[in-house]
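Topology and contacts: notes
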Protein chains: 4
Amino acid sequence: MSSKPRRGFASDNNAGIHPKVLEAIADANAGHVIAYGDDPYTEAAVKLFRQHFGKDVEVYFVFGGTGANVLGLKAATEPHHAIICADTAHINVDECGAPERFTGCKLLSLPTKAGKITVDQILPFLDAVGFEHHVQPRVISISQATEMGTVYQPRELKQLSAFAHKNGMLLHMDGARIANAAVSLKATLSAITREVGVDVLSFGGAKNGMMYGEAVIFFDRSLAKDFKYTRKQGTHLPSKMRFVSAQFSALLSNDLWRVNAAHANSMAKLLAQELAKIPLVEISQQVESNGVFAIIPKKYIAKLQKLSFFYTWNEQISEVRFMTSFDTTAEDINDFVALIKRTLS
Amino acid sequence: MSSKPRRGFASDNNAGIHPKVLEAIADANAGHVIAYGDDPYTEAAVKLFRQHFGKDVEVYFVFGGTGANVLGLKAATEPHHAIICADTAHINVDECGAPERFTGCKLLSLPTKAGKITVDQILPFLDAVGFEHHVQPRVISISQATEMGTVYQPRELKQLSAFAHKNGMLLHMDGARIANAAVSLKATLSAITREVGVDVLSFGGAKNGMMYGEAVIFFDRSLAKDFKYTRKQGTHLPSKMRFVSAQFSALLSNDLWRVNAAHANSMAKLLAQELAKIPLVEISQQVESNGVFAIIPKKYIAKLQKLSFFYTWNEQISEVRFMTSFDTTAEDINDFVALIKRTLS
Amino acid sequence: MSSKPRRGFASDNNAGIHPKVLEAIADANAGHVIAYGDDPYTEAAVKLFRQHFGKDVEVYFVFGGTGANVLGLKAATEPHHAIICADTAHINVDECGAPERFTGCKLLSLPTKAGKITVDQILPFLDAVGFEHHVQPRVISISQATEMGTVYQPRELKQLSAFAHKNGMLLHMDGARIANAAVSLKATLSAITREVGVDVLSFGGAKNGMMYGEAVIFFDRSLAKDFKYTRKQGTHLPSKMRFVSAQFSALLSNDLWRVNAAHANSMAKLLAQELAKIPLVEISQQVESNGVFAIIPKKYIAKLQKLSFFYTWNEQISEVRFMTSFDTTAEDINDFVALIKRTLS
Amino acid sequence: MSSKPRRGFASDNNAGIHPKVLEAIADANAGHVIAYGDDPYTEAAVKLFRQHFGKDVEVYFVFGGTGANVLGLKAATEPHHAIICADTAHINVDECGAPERFTGCKLLSLPTKAGKITVDQILPFLDAVGFEHHVQPRVISISQATEMGTVYQPRELKQLSAFAHKNGMLLHMDGARIANAAVSLKATLSAITREVGVDVLSFGGAKNGMMYGEAVIFFDRSLAKDFKYTRKQGTHLPSKMRFVSAQFSALLSNDLWRVNAAHANSMAKLLAQELAKIPLVEISQQVESNGVFAIIPKKYIAKLQKLSFFYTWNEQISEVRFMTSFDTTAEDINDFVALIKRTLS
């Protein structure tokens, strides 16, 4: 009889903690262990990351996603460098200028159709190389999955990394939704990161069932040389580290990362499928991960948001964004779609 | 029959989560709420802070203690300012230069006997006022309780704040162990912060039973004007904010903050009392909160550390530091003292 | 008989010192005066600036133009702010990221036809106001004359400042070529800065006959409150200040600023007029100050550059830039035009 | 008949331009040359520096001394590093926190008797090496001559550089008065920099007869890898570079650097000798370069300063500082000493 969804579609950050993650936290809550990461929980979590990504990767846990991006980028740059990204990138629009503030670098942003940038777009920036008046291109930063819910194909990633490395640059990946991308591509985590040439990865936890915590993973280990200091000076060394570590261990064990992401992705597919049936709604982006973008007549949007909050993405074209998460249910979708139908009719 | 303590004395950060805090996290884990702080859990926690500190204080939650200090200081300074502190201050020695890096300010540190600085020591810095070649004194930053386990008396705090305000300066308090100080002084939280003229406070959670989370509290509200941006750009806006908030609500309800701190303080007293009986051990600081400093003959230290880890504080005088926490038991102390006795005999 | 110009057209920075400026330096070279600006030469120069701009303006001298821009912008911003500018702006492309590095701000750049930005383009940035995830628009920065040799009309400047002030923003002007703009508009220096609502001005010296030196002028005096510290910490407080001051006094006396700029502008007109007669050359921008932009068939450019160096501005459309300066002669232009004719025929 | 000195003793920055330097500026003022350093004057000046310091040194000109120090230190550090210096160091007290602001590093300052630091004092900082909570010692920065007018002996410099290099650190020298030091030690410029293990040198011009301009010299060339970008982003790339270069060429030719410094030093000796004869004046530092420190009864100081300005160095012990310069005359000294005698009697 409920007509209001129990869980909304505003953001995968609005979801809570996956029960197995919370259980892992409780299990780790026994006795004293050394703070700041020199503890068995952290050792175990790093080991799991290495099982996924390779024995020689460097893994550092931080509190959150903006911290992970900013510190990972700092490790890859000098202040006179430029970081190239999509104009929709989280680092470009949703971090209140933290990347510029902390790295000193300029961000060079590129317009995109679906959140994905290409080598052709980056090429002209090479004209600046060697001229002291201009910032020097150093990092290509991409989001996987993108902020538009799309996913880079492995071949696209390889093109970007090959171009980067050929020109003395590095490939940084904001993997706040890396699990959703891997599931979408039916790939391992390594296959769409290390194996396609990514140098630094922000590995997201919170959007996939964790309470907090993000990992910065260096495939190019030389970049990690001083990272323990960068993390501490960057205010992102958790004192009770074991609880970040225990969460990651839960996520990386028994395929929980995959199960959660697969569920969210499938719910997005279902939502898109149902929305597509509504005459006044137009799906505006490929649904490749856990985001659904749709164009809805402007006059209904505020009313809908009051009934069940979500974000307007592009005011000008009346495009809105719906996100699913690990705990979205088919019933949530049915309720939400019914609510939209009622409101639009 | 156990001869090794179940819980160590290395750091209050080595303790886990208080059961009521963990319970509060679990209780908050229901359905979706808006991320980034616009949720009922955060509203409730802020309300509790205002019950403790006054209706008009501004309260912002961040991930951790270094972040709280650095961002609070940033809100109080311009880069050409100086921050005056004890040379033992956490901001001076234990934050890998984060305050300088993020605020741009110089730290002017003062030698102390017991971690406490005085107006007399600060006075000469006023000579620089108005001269463009010199950094301009702007903030006096103190730790309460101090890193030496001592506690500023309310009258000492009033002297510092009066001096600061008279000279166009502000008083910042690193309250990582503010609860221990309040208990030690038999005072309310407000009585040793707001009521004695503190302008900005880092209110600690992790060292008093929380998993993570710290609050920046502005008594001078004008300093908070842009703080929501400073926090986000400072990479310290938690996405799933409700879980920080729920922890603080647990800590500030039913006197849990006081119970935890009182227990830790009393355990420190007990430990000091027992240690004082050992002929070769000399208590080297007043025991006013949850830290015990002692001088132990150098030759025994490494051996003891192997048996139950703790930190050497001052290599030169063979001074070590023991910290108690909310979960320290009398049995832990008995075991630890016995271990020391055995080792030293 | 000479076929090579005595003075080139690559940059007004390639010119030397105007004889009267050099004379002023020599005249100031007598005995000792207090360093760092507390000297009669500086007092006199500031007085002259106030005669031009009003009694209550704040005037600070710095070493160079990038320093002037960066420090003026710092005085007008907090790190979470955004600075809006043309994508051709000097601060955006020719200062190696110094504005981001020193202010912490993000630069939001806009595409332009002729180096000039409009209120309509800036309007969408207001959507971000109040949202902590996004940088907050704070400064509109324009170049007068622009990097494309065009000039903002007073009415255009008024529109920008009115929009800025209405929305809690400030108008910054990079006046590296402010004299050329004033001459072009037949206006006083004040008429196109203070009187149209500019808040902070970088007043250029080097491109108009000085050896080095730039002034940061605050029409909104509250912005200058801490600027003496910002300048010193910003490494731009000249020790032997009198020699910067003496140069400015020379420039601002006897209309030297105007004479120099008027000459450079008229030489640009002449150059454009002569170039326009060459069949294969197309003038590509309005010639409103001392810059001439032209499209020349690609195949001739490198050869021409070898004979008399100048910069390619836009590789893609084969557009080059010629700058005239206070010391350009009609003979220089005749020689240069002849050289182009010979090369292109 | 004059009783007031023509030139004061407040600062070597209060002196003007040496006639030969001014002449070199005028000589360089012919026609156009490429801006920003790609010109024959700069080529010639760099060549002269290489004749003095070795063929393989990297030489970069900047506007001023604080810029030189800050950018040289930036080239040698990461933000989590510490820079160790005397508490009297210019970088520590006279640059308004610019080193912290621009490098992000913490400065660790040491008390000294005569402005000189020793290996023994630095040793304890090594305890922090490898611990992420602490800034990492990276640079030892010394002033030669020191701010107290004393001079490091070559053997002292060798001890510092050997210690630095053995511990993965670098030796930075603030050589604002390097010429005075070389003259004092009867050494070549190379003998007290490169040959004793200095890695980065700020080579001062303004205090030895130049109008403005300082050089950053890298003996460890790897540090200069990105310096052209650091200098530009650091706002210290002069546009009309030729005029900095021409000044340095004058200074480094015909021993002008040595003649000027030798004269200033000898005048300091004379001043000290004459002051020592005055009963109430006590010379308080060794006079090894162009600074004379003296203790004068407090009650006379303000009166003297009004008659001929100089700076109080240490209020507490009533110590004042007198500086001589390239243009100080014996008559200046006679007049000044007479004035002091009259005032004190």
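Report follows, based on the coordinates.

What follows is about the interface of chain A and chain B. Contact residues are listed per partner, giving 53 residues for chain A and 53 residues for chain B. Surface buried jointly by chain A and chain B totals about 4300 Å² across both partners, of which 57% is contributed by carbon and sulfur atoms. Counting across the chain A and chain B interface gives 36 residue pairs in polar contact (both at pLDDT 80 or more). Broken down by secondary-structure element, the contributors of at least two residues to the side of chain A that touches chain B are helix 1 (19-28), helix 3 (65-76), helix 5 (98-103), helix 9 (227-233) and helix 10 (242-252) of chain A. For the side of chain A that touches chain B, the leading source of residues is helix 3 of chain A, giving four residues. Class assignment for the residues of the side of chain A that touches chain B results in 22 nonpolar, 20 polar and eleven charged.

Before going further, it helps to examine the pairing of strand 10 (residues 311-314) of chain C. All names here are of chain C. Both strand 10 and strand 11 (residues 319-323) contribute to a ladder of three bridges, which runs antiparallel. Among the inter-strand pairings, Tyr311 is bridged to a residue of strand 11, identified as Arg321. In this structure, the hairpin formed by strand 10 and strand 11 is closed by a connection of four residues, where Ser318 is found at a positive phi of approximately 60°.

A word on the environment of Gly130 of chain A. With respect to the element layout, Gly130 of chain A can be found in the loop between helix 6 (119-122) and strand 4 (136-143). Along the backbone, Gly130 of chain A and Asn260 of chain A are 130 residues apart, and their C-alpha atoms lie at a distance of 46 Å. When sequence neighbours within four positions are dropped, the list of residues in contact with Gly130 of chain A reads Gln136 of chain A together with Lys228 and Tyr229 of chain D.

The next point concerns the sheet that holds strand 10 of chain C. All names here are of chain C. The sheet built from four strands is open, its strands ordered 8-9-11-10 with antiparallel pairing. In the strand order of this sheet, the two ends are held by strand 8 (282-283) and strand 10, each with one partner. Alignment of strand 9 (residues 291-295) against strand 11, held across five bridges, turns out to be antiparallel. When the sheet's bridge partners are listed, Gly291 is paired in strand 11 with Met323. Where helix 11 (residues 256-275) meets the sheet, its contacts fall on strand 8, strand 9 and strand 11, and the angle it forms with strand 9 comes to roughly 15°.

Cut-off values and rules
Residues numbered from 1 in each chain as written. Chains lettered and ligands numbered in written order. Predicted model: local features only at pLDDT ≥ 70, side-chain atom pairs only at ≥ 80, totals over all residues. Heavy atoms only, no water. Contact = heavy atoms within 4.5 Å. Buried area = accessible area lost by both parts, 1.4 Å probe. Polar contact = N/O pair within 3.5 Å; in protein donor to acceptor, adjacent residues only side chain to side chain. Helix = DSSP H or I, 4+ residues; strand = E, 2+ residues; numbered from the N terminus. Nonpolar A, V, L, I, M, F, W, Y, C, P; charged D, E, K, R; others polar. Pairing = 2+ DSSP bridges. Axes fitted to C-alpha atoms, helices over the stretch in contact; angles between N-to-C directions.

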